[in-house]
Amino acid sequence: MDIRDKVAKLKGVGPKKSEALEKLNIHTLEDLILFFPRDYEDRRNKVKICDLREDRPAVIKGKVERAVSDRYKYGRKQLLKLLVSDDTGTIEVVFFNAKYLAASFKAGHEYIFYGKPQMNFGRLQLVHPEFSRNEDTAEGILPVYPLTKGISQKEMRQWQADIKSLYSKAEDILSKDIIERNRLCSLSYALKNIHFPQEKQKLLEAKYRLIFDELLTLQTGLFAARQNIKNGENGIAFTKDADVIPYIDSLPYPLTGAQKRCVDQIMEDLESGKVMNRLVQGDVGSGKTAVAEIAMYKAVKSGYQAALMAPTEILARQHFEGIGNSFKKHDISVGFLSGSMKASEKRATLERLKNGEIDIIVGTHAIIQPDVEFKNLGLVITDEQHRFGVSQRVRLKEKGQNPNILVMTATPIPRTLAVVLYGDLDVSVIDELPPGRQKIQTRTLGQENRNKCYDFVEKQLDAGRQAYVVTPLIEDSGVLDVRSAELVAQELSSRFSNHKTALIHGAMKQAEKDEIMASFYRGEIDVLVATVVIEVGINVPNASVIVIENAERFGLAQLHQLRGRVGRGKHKSYCFLVMNGTSEVAQRRGEIMESSSDGFYIAEEDLKLRGPGEIFGTRQHGLPDLNISDLAKHLDVLDNAKKEARLILTEDPMLRSVENQGLRRRIVKLFGDDMTLDL
Ligand code: ADP
Ligand code: MG
């Protein structure tokens, strides 16, 4: 076997399994080797049957006394029930719909079982436990891999065990120097212990090494990409004579101090003749759009075109309407571009963009597609930056332009992280809300008060307001104790029979979502039951109340974003967090939400509270998905990796040397098609 062989070489992997593995992005044996567990199960300590406790996963070793029956019907399912005992007691082991398993057990033989005991009519049962006769693959610290349909944990473990001998052949992307300087363990040691750790300490060493590898890959990739879009490169200088005061004066309100400061910083960049790369961070409702408009006004008055890109069609349209209105009186033409436009309409717009009849184009990602040509694009603004990654910035550059770039986000990124992610990006912060904003009254409540909460919502609806209701799931899972969007939508439709309720969720087609959002915007829908699709930037000023169901399942940053959907108009607004049971963390989150509306404070607290499993979504920040690293947790490793990345690129800016080919391949793999690295 060779590490570059296809997974089909493995025993038990046919076309079907190959296809399933591909879904996990595993094509070759090397991919499999680099596919790390997401967790581990410590099965080193076997438990005696008398010591089993409800809900506490455990390994037992016991003798199958007899199969009580393999003919029980449970509903229409066949049931296999075994009695298993050791010298301390007996427990029932149950498999549903698994008659075929009956042949796996022989009465009188000992087996190892692993599972979570559950209470059934006052007695503990093991339902669908993993089992094995073989102590080797059933004991120790076992890896838990992320899976996909058609592949079981057992299979994955077996395949990993089958390729152990290849660990020593995996390509090492680190030089001896780097390994020594950073006191890392060897790659084969790391691989062995990440998949089959013998003890915690070795697992930690392995993790550190592999996290280092991944973060070095990330950093080198980012640096390499940015070599192309460096700050301070020569760019377009906007003229000092293009005064933005007329535009500012035409706004219906005076700018806040923070907006002014931010505008000043942007103007300085734009007049400098160096390419601007600036991130504007401002909490929900802080007035980022006005700042963007002023920058675009500057571009147009300097004789250039400007583009504003939003992550969704509905947001883009909203911007188009607002911005179109504001610029009408300044005789500046604003166009719209999106993927779902009629071809004829699109053609006309592209033509007008190319010949300069359109000054400002607002739209979705359609703006940066290859068929779009500008006459003289001078400024690109992206709203809600987290969907707009380094790769797109590179793509813009590849279009042969070197425009100024302004990125706006309401996702508060803790300072520490911002530095890492945007290293070369300048950051402006709008840390002040326009005057007169009313605080959104926030309350957490338990299930028992849900009714009262919806009574309150009804009063708001009767007064002409609109409401959002957010749930974490689309449909009932039947397992989790979570109220699904479908269920809640049904309930509320009958409860609020005088008002119109609609459902929107992420699995719907974009066009359908846009249509629903648009009618909510127009006030034709009163109650919008939604999954988190509404999180980003949507602006419906008449909405005055948001209810978040199963709020314990959302992170703080998310809750804050969701809450920001209300309180956008003149109406006093309310946010209800309905908690189902309260863990300590959920409770603390509730307290923070009740007491603060400061996005930056909330983001910092979020970082402190984040428990395992709530991985910091890198996609949100336009970075590739990381396998093993968590940027929020591994800042120190990142720091070291960054230093090494710099050294590598200083010596070999294009990654051409033989020893850097492994790293180079790994970069391409990490960033995928997302990034055309101009190396
Ligand atoms: P966000 O930063 O979330 O994108 P917006 O730009 O959508 O915020 O602004 C939110 C609301 O605040 C808009 O209705 C806008 O007209 C208003 N606004 C913006 N700046 C000011 C200001 N300086 N004074 C009063 N209202 C403002
Ligand atoms: Mg906005």
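Above this note sits the structure.
The next subject is the site of ligand 1. The environment of ligand 1 is formed by 15 residues, the closest being Q259, G285, K288, T289 and R437. Between ligand 1 and Q259, the relevant distance is 2.8 Å, taken from a nitrogen atom to a side-chain nitrogen or oxygen of the residue. G285 places a polar main-chain atom, nitrogen or oxygen, 2.6 Å from an oxygen atom of ligand 1. When isolated, ligand 1 has an accessible area of 570 Å², and the protein chains bury 77% of it. The class makeup of the residues in the shell around ligand 1 is 5 nonpolar, 6 polar and 4 charged.

What follows covers the packing of aromatic side chains. Tallied over the full model, the rule gives 15 aromatic pairs. When the centroid spacing of 6.0 Å and the interplanar angle of 15 degrees are considered together, the rings of F105 and F113 count as stacked. A residue is classified by how much of its surface remains accessible, and F105, at 9% relative accessible area, is buried. Judged by relative accessible area, F113 falls into the buried class, the value being 0%. Centroid distance Y111 to F113: 6.4 Å. Interplanar angle 50 degrees. Geometry classified as tilted. F113 carries the same exposure label as Y111, and that label is buried. Members of the aromatic cluster, each reached through a chain of ring pairs, are F95, F105, Y111, F113 and F131.

This next bit is on the pairing of strand β13 (residues 360–363). Across the two faces of β13 the burial is the same, with I360 and V362 and I361 and G363 all buried. Pairing of strand β12 (residues 334–337) with β13, which is carried by 4 bridges, proceeds in the parallel orientation. When the bridges of β13 are listed, V334 appears paired with I360.

Looking only at helix α3 (residues 153–162), the buried set comprises Q153, M156, R157, W159 and Q160. Seen end-on, α3 carries its buried residues on one side only, within an arc spanning 165 degrees. The secondary structure elements touched by the buried residues of α3 are α1 (15–23), α2 (29–33), β1 (39–43), β8 (130–132), β9 (140–144) and α5 (187–195).

Definitions and limits used
Residues numbered from 1 in each chain as written. Chains lettered and ligands numbered in written order. Predicted model: local features only at pLDDT ≥ 70, side-chain atom pairs only at ≥ 80, totals over all residues. Heavy atoms only, no water. Near = heavy atom within 4 Å. Polar contact = N/O pair within 3.5 Å; in protein donor to acceptor, adjacent residues only side chain to side chain. Areas by Shrake-Rupley, 256 points an atom, 1.4 Å probe, with all protein chains shown as cover. Nonpolar A, V, L, I, M, F, W, Y, C, P; charged D, E, K, R; others polar. Phe/Tyr/Trp six-rings, centres within 6.5 Å; stacked < 30°, edge-to-face > 60°. Buried < 20%, exposed > 50% of the residue type's maximum accessible area, 1.4 Å probe, protein only. Helix = DSSP H or I, 4+ residues; strand = E, 2+ residues; numbered from the N terminus. Pairing = 2+ DSSP bridges. Arc of directions from axis to C-beta. Contact = heavy atoms within 4.5 Å.

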